[in-house]
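# Fold and contact review
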Amino acid sequence: MDFTGSHILSIQQFDRSSIERVFAVADDMEPYAARERVTRVLEGAILGNMFFEPSTRTRVSFGCAFNLLGGNVRETTGFETSAIAKGESLYDTARVLSGYSDVICMRHPQSGSVEEFAQASRVPVINGGDGPNEHPSQALLDLYTIHKELAHRGRDVDGLRIAMIGDLKYGRTVHSLSKLLCKFDNVQVVLVSPEELAMPDYIVEMLREAGHRVTVTDILTDSIQHVDIVYSTRIQEERFASKDEADLYRGRFRLNQAIYTQFCEPNTVIMHPLPRDSRADANELDNDLNQNPNLAIFRQTDNGLLVRMALFALVLDVVHLVDKYSHEVSWSTVGR
Amino acid sequence: MDFTGSHILSIQQFDRSSIERVFAVADDMEPYAARERVTRVLEGAILGNMFFEPSTRTRVSFGCAFNLLGGNVRETTGFETSAIAKGESLYDTARVLSGYSDVICMRHPQSGSVEEFAQASRVPVINGGDGPNEHPSQALLDLYTIHKELAHRGRDVDGLRIAMIGDLKYGRTVHSLSKLLCKFDNVQVVLVSPEELAMPDYIVEMLREAGHRVTVTDILTDSIQHVDIVYSTRIQEERFASKDEADLYRGRFRLNQAIYTQFCEPNTVIMHPLPRDSRADANELDNDLNQNPNLAIFRQTDNGLLVRMALFALVLDVVHLVDKYSHEVSWSTVGR
Amino acid sequence: MDFTGSHILSIQQFDRSSIERVFAVADDMEPYAARERVTRVLEGAILGNMFFEPSTRTRVSFGCAFNLLGGNVRETTGFETSAIAKGESLYDTARVLSGYSDVICMRHPQSGSVEEFAQASRVPVINGGDGPNEHPSQALLDLYTIHKELAHRGRDVDGLRIAMIGDLKYGRTVHSLSKLLCKFDNVQVVLVSPEELAMPDYIVEMLREAGHRVTVTDILTDSIQHVDIVYSTRIQEERFASKDEADLYRGRFRLNQAIYTQFCEPNTVIMHPLPRDSRADANELDNDLNQNPNLAIFRQTDNGLLVRMALFALVLDVVHLVDKYSHEVSWSTVGR
């Protein structure tokens, strides 16, 4: 995949070598995200951070990633404008907005909208989430996190053992992650959900066709015993016939420190796409896990910054220039 | 007109030489808008981009224009604050906000509000639209587009032949454009609208007093045959007694490629202030015109960036310094 | 108090020497706020300007302060996200957002929320207002204004004579200012309010324990005769049993130029935390005071910029570097 000037719309664009390229560039971004150095490589460039559906953390993460490369950010934070209400097409919106900026990150509630927008755009477009469809930077940051966590243990994504837990039917992140895992070898996937929220058949099929071993269960404690990664997701009450039924299932998929200690291998990594539900009667990952060093949920969002920096650097072809335009940090980072 | 430190509130401030000055500076901005060079001339300056009424594209256009000159942008995107709800005057709002920034762009739903604000402001204020009243940068970008499109054909605004079509009664842009055209010579204006939405008499009068030839009609195909510019605007259903009546009129003012080919001269330029209605049964400019090289609607919004950069450069008196503070672009613009 | 890397959550953190340190640094910021010079000291740093409750002026003031030190600003302007609606904890929000930026300014409607957020944050947090609880930069800018206004008269905060007027029961600013005044000597405080809106006993007590002389009255013209500062606040209709009763009180606490001239000493300074109510029948400070050179309400907001710059410079430990990274202003400031 040649990144320069390309749209980033779907994880389907990424073969294994493209994924590895993103990860290598994300590694290079570390000193800048960690505020060890400052780069001015994108000075004068503008990101159009067009969030036609609100999402504070994803929007801020993309904006910060661009700022950390020295660029400016102009943005929108919802359907504030009446332009679309007045019947404007995505084509027109894209033609106009792409005249202002150097790259656009777009979130929109409708499946396929970002691709339609990208076709009319005069600058590269990065999909920041188009409804239930795609959110490639999230999928990449999840896989990048798995890659880094395993690397610390001397392992790689090949041979990974992972449990995916919760709402596997509607959860976009577990679908995307599963698709990415198909580019790797010899993965063992345990799918843990209520039957009503099972992983779609086509994804299970895809995993098996990739030669992976897939196990399906609805018992948490069985699933988490022999895995490297526990990837938990939120179960939403409204998916069930009644609150009682929801509570029943929720109770069965909630991980806390006691269960972790009893059932998991010592270094099992806990991931979640966030936000997690932190209410005491609904939390899928208990707050008592917050001190567990294997809870990687905030390393995931940190990695998101690196992955997004990498995507910008690749699309605008400045990977080789980031260091050249860099200098020392002038402020104290003792508070970080 | 001495631009340095001035408010830009109304097109009435602009005589012909001021207009030509804006256009000359807008031309100078082209290498920066086209990302051929980057300038740092406004480094450290802050634009207060105060949109007390939402308007994504105008807000983003002003913000990008300021960023492209090297400045920072702080903004508001609606009546988020309770300050005005608590009975705060525009005077107080202006005194406070003008202490923070170097120049303010303000949009507000009420006629006259921006002028009132400007009177209390301690920094130059640019009117980004005060309800039905004024939106001078839009009028200037429309005229600048006409100027550039005609220049490509070896012509000038003097001697222009233009058809204005649609809602000429409530359309702020056609009023402002007409007023600006009064500064030029020997213009032929064809006004095309349903009788209920006719151009106000005072503007027709003003055009005639400027020595221009004004024709009034309600038949699209008559009007577009011998003009350089077709300036189309939206007809809003709610202006009519019934949807049927609206449909009747709308049908008569819709331009598509077949009508264009049959009736227009070969190089007739099509303009529109946007957003246009892109719904198949309501579009005043059909999507089949999108491939027509004379469709200038997106060149208009591109020109808006240049005009706004020019206004900032003039008001802050940095026209002569933009190049001095400039340097090479470091990223790939292949995707643009 | 060691500012480097610290959270700024409450005025209770500030002893007298810390206050004086903030004021000295705020003085140093003057050439930058006045656009005499530009500094790049925070180039590459990002402020997370997280306003989970809207407040245009405070948000823009913090953002501009950071820009004026050369930093970037990413922000949110309300509960746009569904993350908290989905049950996310402040802990999680803080862990995520603090991974993106170098310092966070946070406003939130709930008392104590900013402190809870700060405990989980990985970067310094400045409280931009947590409901009725604390808003330390407002309190500091009020005291800084008193300090500067008195300095012009060859005086200091010690020995200050001040009248606080209006809603002293619910007014956060007068509570905070009173607490700060307890760090100084020999202050005379006149408290002027309807009985229903009297200053809480614990604050009166605190002032007296600090050795200050406190007088309580409900007659405006008595209170303003022998003071250096008149600090007026808004009286809200909804605090009273009926509109008639509110009008009665409001009438008694409204200051205008005639009353000022008749009762105040020649150089009495008028302050207000803003927004003031500018409606003719409700204004606590009449618009005819706008030409009075002792009306310091907009000097207060200007000072807010200086105080916020000072807090950022202190927390990020760049006070000694601001000048080193500075250069000439390139644009015309004639319009300011």
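Because the structure is predicted, anything quoted here is derived from the model rather than measured.

### A closer look at the interface of chain A and chain B
When the parts of a complex come together, some accessible area is lost, and that lost area is often taken as the interface size. Taken together, the contact between chain A and chain B spans 39 residues of the former and 37 residues of the latter. Each partner contributes to the roughly 3,400 Å² buried at the junction of chain A and chain B, and carbon and sulfur atoms together form 50% of this total. Where chain A packs against chain B, one counts 6 salt bridges. In this structure, B:E75 engages A:R74 in a salt bridge whose closest nitrogen and oxygen atoms are separated by 3.5 Å. Our count for the contact surface shared by chain A and chain B stands at 14 residue pairs in polar contact (both at pLDDT 80 or more).

### Focus on the domain arrangement of chain A
Residue and element names in this part refer to chain A. Once the domains are mapped, chain A shows domain 1 (11-134 + 304-328) and domain 2 (137-298). Computed from C-alpha atoms alone, the centre-to-centre distance between domain 1 and domain 2 is 27 Å. Each partner contributes residues to the interface: domain 1 has 23 residues there, and domain 2 has 20 residues. Interface area, domain 1 with domain 2, both sides summed: about 1,900 Å², of which 61% is carbon and sulfur. Three residues stand out in domain 1 for area buried against domain 2, namely I11, R16 and F23, and they jointly supply 36% of the buried area on that side. At the junction of domain 1 and domain 2, the tally comes to 3 salt bridges. Between domain 1 and domain 2 we count 5 residue pairs in polar contact (both at pLDDT 80 or more) in total. Listed by contribution, the elements that provide at least two residues to the side of domain 1 that touches domain 2 are α1 (16-33), α2 (56-68), β5 (125-130) and α11 (297-315). Of all the elements, α1 adds the most residues to the side of domain 1 that touches domain 2, at 6 residues. Among the residues forming the side of domain 1 that touches domain 2, the class breakdown is 10 nonpolar, 5 polar and 8 charged.

### Comments concerning the relation of the copies chain B and chain C
Of the two same-sequence chains, chain B is brought onto chain C (RMSD 0.0 Å, axial shift 0.0 Å) by a rotation of 120°. The superposition operator between the copies reduces to a three-fold rotation axis. Among all C-alpha atoms of chain B, that of B:N72 lies closest to the rotation axis, at 4.8 Å. The residues that chain B uses at the interface reappear at the interface of chain C in only 8% of cases, marking distinct surfaces.

### So, the relation of the copies chain A and chain B
The two copies are related by a screw motion: chain A maps onto chain B through a turn of 120° and a shift of 0.0 Å along the axis, at an RMSD of 0.0 Å. A low fraction, 8%, of the interface residues of chain A reappear at the interface in chain B, so the copies pair through non-equivalent surfaces.

### Let's talk about the sheet that holds strand β2 (residues 46-51) of chain A
The 4 strands are arranged β3-β2-β4-β5 (chain A) in an open sheet whose pairing can be described as parallel. Where the open sheet ends on each side, the last strands, each with one partner, are β3 (72-76) and β5 of chain A. Neighbour-to-neighbour, the strand axes of the sheet open up by a mean angle of 15°, direction not taken into account. Across the sheet, helix α2 (residues 56-68) of chain B is in contact with β2 and β3 of chain A; its angle to β3(A) comes to roughly 175°.

### Thoughts on the UniProt feature "binding site: L-aspartate" (unreviewed entry) in chain A
All names here are of chain A. UniProt feature "binding site: L-aspartate" (unreviewed entry): in the numbering of this structure it lies at K86, R172 and R234. Of note, R172 is situated in helix α6 (residues 172-181). Non-local contacts of R172, meaning those with residues more than four positions away in its chain, are made with R107, G129, D130, G131, P132, N133, E134 and H135. At a separation of 2.5 Å, a polar atom in the side chain of R172 contacts the main-chain carbonyl oxygen of G131.

### A closer look at the packing of α1(A) against α11(A)
All names here are of chain A. It is the contact of α1 with α11, at a shortest axis distance of 8 Å, that shows an interaxial angle of 110°. In terms of their interaxial angle, α1 and α11 are classed as roughly perpendicular. Handedness of the α1/α11 crossing: right-handed. Together, R21, V22, V25, A26, M29, E30, Y32 and A33 of α1 and L305, L306, V307, M309, A310, L311, A313 and L314 of α11 make up the contact between the two elements. Among the residues making up the contact of α1 with α11, the classes are represented as 14 nonpolar, no polar and 2 charged.

About the criteria used
Residues numbered from 1 in each chain as written. Chains lettered and ligands numbered in written order. Predicted model: local features only at pLDDT ≥ 70, side-chain atom pairs only at ≥ 80, totals over all residues. Heavy atoms only, no water. Contact = heavy atoms within 4.5 Å. Buried area = accessible area lost by both parts, 1.4 Å probe. Salt bridge = Lys/Arg side-chain N within 4 Å of Asp/Glu carboxyl O. Polar contact = N/O pair within 3.5 Å; in protein donor to acceptor, adjacent residues only side chain to side chain. Domains from an automatic or database assignment. Helix = DSSP H or I, 4+ residues; strand = E, 2+ residues; numbered from the N terminus. Nonpolar A, V, L, I, M, F, W, Y, C, P; charged D, E, K, R; others polar. Least-squares fit on C-alpha atoms with pLDDT ≥ 70 in both. Pairing = 2+ DSSP bridges. Axes fitted to C-alpha atoms, helices over the stretch in contact; angles between N-to-C directions. UniProt positions renumbered as here; feature names shortened; annotations may be inferred. Parallel < 35°, antiparallel > 145°, perpendicular 65-115°, else oblique. Left-handed = near helix turned anticlockwise from the far one by under 90°.

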